[in-house]
Amino acid sequence: MRKDEVRLNCGITIPVIGLGTYSSNNDRVTTEKAVHLALKMGYRHFDTAKIYGSEGAVGNALRKAIEDQIIPREDVFLTSKLWSGDHHDPVSALKHTLRNLGMEYIDMYLVHWPIKLKPWACNAVPKEEDFEKQLDMETTWEGMQKCLDMGLCRCIGVSNFSTKKIEHLLDFASVPPAVNQVEMHPMWRQRKLREICGKHDIHVSGYSPLGGPGNAWGSTAVVKNPLINSIALKHKATPAQVALKWGLTRGASVIVKSFNPDRLRENMGSLDLKLDDEDLIEIEQLEERKIMRGDFLVNNTTSPYKNLEELWDYEI
Ligand code: NAP
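Because the structure is a prediction, the values reported are computed rather than measured.

## With respect to the environment of cysteine 155
Now for step 1: Mapped onto the elements, cysteine 155 comes out in strand S7 (residues 153-159).
Now for step 2: Put simply, cysteine 155 and glutamine 69 are 86 residues apart on the chain and 25 Å apart in space, counted from C-alpha to C-alpha.
Now for step 3: Leaving out residues up to four positions away in the same chain, cysteine 155 has contacts with Leu8, Cys10, Ile12, Asp107, Met108, Tyr109, Leu148 and Ala178.

## Remarks on the packing of aromatic side chains
Now for step 1: Across all of its chains, the model carries four aromatic pairs by this definition.
Now for step 2: For the pair tyrosine 22 and tyrosine 52, a centre-to-centre distance of 5.3 Å together with 65° between the ring planes defines the contact as edge-to-face. Pair noted here: tyrosine 22 is in the loop between strand S3 (17-20) and helix H1 (28-41) and tyrosine 52 is in the loop between strand S4 (45-47) and helix H2 (55-67), with a separation of 30 residues, a long-range link.
Now for step 3: Ring geometry for tryptophan 188 against tryptophan 312: centres 5.2 Å apart, planes inclined by 70°, an arrangement best described as edge-to-face. Taken together, the residues tryptophan 188 in the loop between strand S8 (179-183) and helix H6 (191-199) and tryptophan 312 in the segment after helix H11 (308-311) connect sequence positions 124 residues apart. Just as tryptophan 188 is buried, tryptophan 312 falls in that class too.

## Concerning the UniProt feature "binding site: substrate" (unreviewed entry) in the protein chain
Now for step 1: UniProt annotation of "binding site: substrate" (unreviewed entry) refers to His112 when read in the numbering used here.
Now for step 2: As for its placement among the helices and strands, histidine 112 is situated in the loop between strand S6 (106-111) and helix H4 (137-149).
Now for step 3: In contact with histidine 112, not counting residues within four places along its chain, are Ala49, Ile51, Tyr52, Lys81, Leu82, Trp83, Ser159 and Asn160.

## A few points about the site of the ligand
Now for step 1: What surrounds the ligand is a group of 31 residues, the closest being Asp47, Ser208, Pro213, Ser258 and Arg263.
Now for step 2: Measuring from a nitrogen atom of the ligand, one finds a side-chain N or O atom of tyrosine 52 at 3.3 Å.
Now for step 3: Within the side chain of serine 258, an N or O atom sits 2.6 Å from an oxygen atom of the ligand.
Now for step 4: For the ligand, the accessible surface in isolation is 910 Å², of which the surrounding protein chains cover 90%.
Now for step 5: Given that more than half its atoms are within 2 Å of the pocket grid, the ligand belongs to the largest pocket.
Now for step 6: Those elements giving two or more residues to the shell around the ligand turn out to be strand S10 (253-256) and helix H9 (261-268).
Now for step 7: Tallying contributions element by element places H9 first for the shell around the ligand, with three residues.
Now for step 8: Across the shell around the ligand, the residue classes tally to 13 nonpolar, 13 polar and five charged.

Cut-offs used in this document
- Residues numbered from 1 in each chain as written.
- Predicted model: local features only at pLDDT ≥ 70, side-chain atom pairs only at ≥ 80, totals over all residues.
- Heavy atoms only, no water.
- Helix = DSSP H or I, 4+ residues; strand = E, 2+ residues; numbered from the N terminus.
- Contact = heavy atoms within 4.5 Å.
- Phe/Tyr/Trp six-rings, centres within 6.5 Å; stacked < 30°, edge-to-face > 60°.
- Buried < 20%, exposed > 50% of the residue type's maximum accessible area, 1.4 Å probe, protein only.
- UniProt positions renumbered as here; feature names shortened; annotations may be inferred.
- Near = heavy atom within 4 Å.
- Polar contact = N/O pair within 3.5 Å; in protein donor to acceptor, adjacent residues only side chain to side chain.
- Areas by Shrake-Rupley, 256 points an atom, 1.4 Å probe, with all protein chains shown as cover.
- 1 Å grid on protein atoms, 1.4 Å probe; cavity = no way out; pocket = protein on both sides within 12 Å on 5 of 7 lines; lining within 4 Å.
- Sits in = over half its atoms within 2 Å of the grid points.
- Nonpolar A, V, L, I, M, F, W, Y, C, P; charged D, E, K, R; others polar.

As structure tokens, this is what we get:
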């Protein structure tokens with residue numbers, strides 16, 4: 001196993017730095033170029049989702065690299081996600097994703113959100129009429145397990161699940177989730193979630209590890225934080241590298257998006273940074289600031305969750 005990978009409870013390894021591919025521009029050419037460049041720089045883990053609209057571009061770029069023998073398929077770790085309108089049929093949803101990608105299988109299939117939308121709802125930000133009141137996670141998970149049995153994916157997991165939702169899932173899952181992908185960065189440290197996931201051997205993957213600067217929902221609160229900047233200065237590193245390395249030292253993988261050559265390289269460089277105990281203690285003391293959190297799923301009278309606290313089971 002390479003030092004930049006960790007083993008999951010399903011037996012396979014996951015590279016700890018993943019390239020995020022959600023971009024509001026959703027420009028196919030730019031995404032393909034970024035994936036090519038990332039492969040050259042050593043990225044081996046690519047994160048997409050039906051709702052990002054990036055599956056086609058990611059699949060094209062990876063297939064081309066595989067055909068050109070730049071990389072064997074088995075060295076690439078590809079994640080996609082079950083959209084909330086597809087809970088009724090994960091197998092068909094994953095087959096659709098595989099067609100988008102032009103791949104025979106993916107490595108990880110995640111339940112994107114613990115929320116069920118009407119089958120036709122395909123907006124990242126659901127509308128008033130899109131919500132179903134009840135998510136029957138037992139039926140969804142049966143479908144996810146079927147995807148695994150059929151060899152459509154090598155591992156299954158969840159995303160945006162609170163500790164309570166994880167424990168509920170474990171009550172009936174024949175196959176436990178291998179990953180829980182959640183917002184995680186120095187300002188939303190997910191301490192309790194990491195503890196419970198650790199107890200059940202579920203790997204935590206941190207998305208928006210820089211706090212999503214430049215995104216409509218994002219913030220510069222992490223990369224502009226004075227403590228993160230002073231730690232970066234001390235180690236002759238950048239604030240982004242400090243934020244990413246913090247996640248890695250917590251045993252998580254980080255899913256970071258950049259389509260810019262310099263920042264792609266910079267982010268990969270976080271692997272070489274060494275944070276000391278003092279840095280980690282200081283970061284632990286930062287006031288928490290949750291950034292994306294799923295607000296768009298609760299500011300709606302038809303959502304089953306009245307507010308963020310309900311979505312996260314009063315853990316935030
Ligand atoms: P992020 O990776 O924290 O931030 C990305 C933003 O930061 C982009 O605007 C990027 O711009 C900029 N950036 C990248 N590297 C930088 C650096 N070194 N210094 C300064 N700015 C930098 O947040 P994210 O995009 O929200 O999340 C990353 C990925 O996580 C997504 O693409 C997606 O794959 C996944 N995600 C999953 C969920 C989920 O529900 N499971 C939710 C959100 C995100 P440039 O491209 O211009 O560099």
